[in-house]
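One-letter residues, chain by chain:
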Amino acid sequence: MSDKSEHKLIKNAVNGDSKAFEKLILPYEKKVYNIAMQMFKNEQDAYDASQEVLIKVYNNLDKFKFESAFSTWLHRLAMNTCIDEYRKRKRHMEHTTTMEVRVSSDEESITRQFVDHNLTPEQEVLQKETVSEVRHAMDQLKEDQKILIIYRDIYGYSYDEIAKMLECNLGTTKSRISRARQALKDIIIKKREQTAS
Amino acid sequence: MMECIKAREWMHLHMDNNLDHSNEALLMAHIEDCEVCRRDYEILMSIHQVLQSTDEVDLPSGFHETLMKNIKKRPKMRQNYLFIKQLNIAAVVVFVLVFSLIGINNLNQNKSSNNDEVSEEMFSMSAITEESGEIDVAMDVAEFEDASLSRASNENERSQKATSESLLQEAEDQYGNDVLGVRYDEGWMIVMVGGILIIGLLIGYIRLNL
């Protein structure tokens, strides 16, 4: 979709045209859901969070000032909403075990998501182990680091795009992503050392 | 020999395919020699491979329909917001008009009544002065027949002048002092109160960002 037609859809949607909003949002729905899925690791929470993101987009569309690309603005909302929702659920999880149960029930589908299907059975077993290791390490990352890894390393957004989403400069963005990767690696090392001892 | 700190920095560039060939060779040479960096590199690369091989999942059925259903419940709210916004603007305009009209009306009334009162007083004073002038002329014609009468007349004139000055002072005290040619009377007070109210409403409106 060109910027011009996207801008026209935004203006119409702001004036209450729900069909225009539908056209505008349709290309982004799957991506937002997948980002939420990586963040929450369970279908129900990902569903709720991504619905929340898209409703926020609708409610705040009149605040979009056409100063950045619409996708950047939308992903900024998605990032912030996912972090907020994750924190809320984490606080709730401290009191109940519901999330743990949900995560384990979805573990198989998440592992399937990560595994490369062109491997020999032995390689597949090995990779499943690595996937599980990385997945658990991701769960232990701070939410703001986790979302950066999702955007950069899972969905391949450029540093420049992420910097615009974060509204900070390129250097800061690069160092934040490096720190997130380092933290992920350190969690894995620690886990391995614990298992070895 | 490359330092480990530099090697870790380059590992991220390597992951992003942003490391040039000569530096790539240097990094690989360092990894061969340094056990800690080799372990870090292997873990980082395995993380990278796992994350990059993530498949996208399809949207659950009914996702889009649920979203649109949730959104279609809201246009009424948006219309209400628009209505409140318009109502707010209308209220501000009405306030401006009403207070301006009341203020201007009061100003005009006070100004005209002030002028009437002051001019009436001035008219009566000038009549007294004219009368005393006529007496003076009569005295000239009588070629100062009586000097004591003339002194009495001058005293009378001075006392009349003093009376007119005190009356003017009284009028000024009653209707306030002149500041920049504008009197602080009721009209201006209403305009000022109205202005403060309007500014308050505008600030409230901007802050609410309705």
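Residues numbered from 1 in each chain as written. Chains lettered and ligands numbered in written order. Predicted model: local features only at pLDDT ≥ 70, side-chain atom pairs only at ≥ 80, totals over all residues. Heavy atoms only, no water.

## Quick look at the overall build of chain B
Quick note on the threshold: Note on conventions: DSSP H or I runs of at least 4 residues are helices, E runs of at least 2 residues are strands, and numbering of each starts at the N terminus. Contacts were defined at the residue level, with two residues in contact if any of their heavy atoms lie within 4.5 Å. Working definition of accessibility: Shrake-Rupley area with a 1.4 Å probe, residue cover restricted to the visible protein chains.
For chain B, the helix and strand inventory stands at seven helices and two strands. The N-to-C order of helical and strand elements in chain B reads α-α-α-α-α-α-β-β-α. Taking the contacts inside chain B whose residues are at least 6 apart along the sequence as the reference set, 69% of them involve residues at least 24 apart. Counting every atom, chain B has about 14,800 Å² of accessible surface; 59% of that belongs to carbon and sulfur.

## Quick look at the overall build of chain A
To keep things clear, this is the line we draw: Between buried and exposed lies partly exposed: a residue is buried under 20% and exposed over 50% of the maximum accessible area for its type, with that area taken using a 1.4 Å probe on protein chains only.
For chain A, the helix and strand inventory stands at nine helices and zero strands. Shown N-terminal to C-terminal, the secondary structure of chain A runs as helices and strands in the order α-α-α-α-α-α-α-α-α. Across the 197 residues in chain A, those meeting the buried criterion constitute 48%. Of the roughly 9,900 Å² of accessible surface on chain A, a fraction of 49% belongs to carbon and sulfur atoms.

## Focus on the interface of chain B and chain A
For the record, the criterion: A quick way to say it: buried area is the sum, across both parts, of accessible area lost when two parts are put together, with a 1.4 Å probe. Whenever Lys or Arg places a side-chain nitrogen within 4 Å of a carboxyl oxygen from Asp or Glu, that contact is recorded as a salt bridge. Throughout this description, a polar contact denotes any pair of N or O atoms lying within 3.5 Å of each other; where both atoms belong to protein, one of them has to be capable of donating a hydrogen while the other can accept it, and for residues adjacent in sequence the pair is counted only when both atoms sit in side chains.
On the chain A side, the residues contacting the 35 residues of chain B number 46 residues. For the pair chain B and chain A, the summed buried surface comes to about 3,900 Å²; carbon and sulfur atoms form 61% of the total. For the pair chain B and chain A, the number of links is five salt bridges. Linking chain B to chain A there are 14 residue pairs in polar contact (both at pLDDT 80 or more). Elements with a minimum of two residues in the side of chain B that touches chain A: helix H1 (4–15), helix H3 (35–52), helix H4 (63–72) and helix H5 (75–141) of chain B. Among the elements that take part in the side of chain B that touches chain A, H3(B) stands out by supplying ten residues, more than any other.

## Remarks on the nonpolar core
How we decide: Residue types Ala, Val, Leu, Ile, Met, Phe, Trp, Tyr and Cys, when buried and joined through side-chain atoms within 4.5 Å, form a set referred to as a nonpolar core.
Within the largest apolar cluster, 64 residues are counted, with the highest numbers of intra-cluster contacts made by Phe21(A), Val57(A), Leu61(A), Phe70(A), Met138(A) and Tyr151(A). The element contributing the most residues to this core is helix H2 (residues 18–40) of chain A, with twelve residues. In contact with Met138(A), other than residues within four places in its own chain, are Lys146(A), Ile149(A), Ile150(A), Ile154(A), Leu184(A) and Leu51(B). Counting 13 residues, the second-largest nonpolar core is a separate cluster that includes Trp10(B), Cys34(B), Cys37(B) and Tyr41(B).

## Focus on the environment of Ile71(B)
Mapped onto the secondary structure, Ile71(B) falls in helix H4. The class for Ile71(B) is buried, based on a relative accessible area of 0%. Discounting chain neighbours no more than four positions away, the residues touching Ile71(B) are Phe21(A), Ile55(A) and Tyr58(A).

## A few points about the side chain of Asp45(A)
Residue and element names in this part refer to chain A. Of note, aspartate 45 is situated in helix H3 (residues 43–60). In this structure aspartate 45 comes out as buried when scored by relative accessible area, which is 3%. Reaching out from aspartate 45, the side chain makes a polar contact with the side chain of asparagine 42 at a distance of 2.8 Å.

## Let's talk about H4(B)
Residues spaced three or four apart along an α-helix point in a common direction, a consequence of the helix completing one turn every 3.6 residues. All names here are of chain B. We apply this condition: For this quantity, the arc is that covered by the directions from the helix axis to the C-beta atoms.
When H4 is considered as a whole, its buried residues turn out to be Phe63, His64, Leu67, Met68 and Ile71. Buried residues of H4 fall within an arc of 125° about the axis and therefore sit on the same side. Exposed side chains of H4 directed beyond 90 degrees from the buried face belong to Glu65 and Lys69.

## Some points on the confidence of the model for chain B
Low pLDDT marks regions whose predicted coordinates should not be analysed in detail. Residue and element names in this part refer to chain B. The following threshold applies: A score between 0 and 100, pLDDT records how confident the predictor is in each residue.
Averaged over every residue, the pLDDT of chain B is 73; residues scoring 70 or more account for 54%. Put simply, strand E1 (residues 178–179) is where chain B has its lowest mean pLDDT, 46, and helix H2 (residues 21–33) is where it has its highest, 94. Scored below 50 in pLDDT, residues 178–182 makes four contacts in the model with residues more than four places away or belonging to other chains.

## Thoughts on the pattern of salt bridges
The final tally for this structure, using the stated rule, is 20 salt bridges over all chains. Two residues, Asp45(A) and Arg89(A), come together in a salt bridge whose shortest N-O distance is 3.0 Å. Remark: Arg89(A) occurs in helix H4 (residues 70–93) and Asp45(A) occurs in helix H3; sequence separation between them is 44 residues. Across the pair Asp40(B) and Arg39(B) runs a salt bridge, and its minimum N-O distance is 3.2 Å. Here the salt bridges do not stand alone but share partners, grouping Lys185(A), Asp186(A), Arg8(B), Arg39(B) and Asp40(B) into one network.

## Some words on unusual backbone geometry
You will see that Glu167(A), though not glycine, has its phi angle at about 60°, which is positive. Looking at where Glu167(A) falls in the secondary structure, it is placed in the loop between helix H8 (159–166) and helix H9 (170–196). What makes Glu167(A) exposed here is its relative accessible area of 60%. In this model, Asn17(B) sits at a positive phi of 60°, which is unusual for a non-glycine residue.

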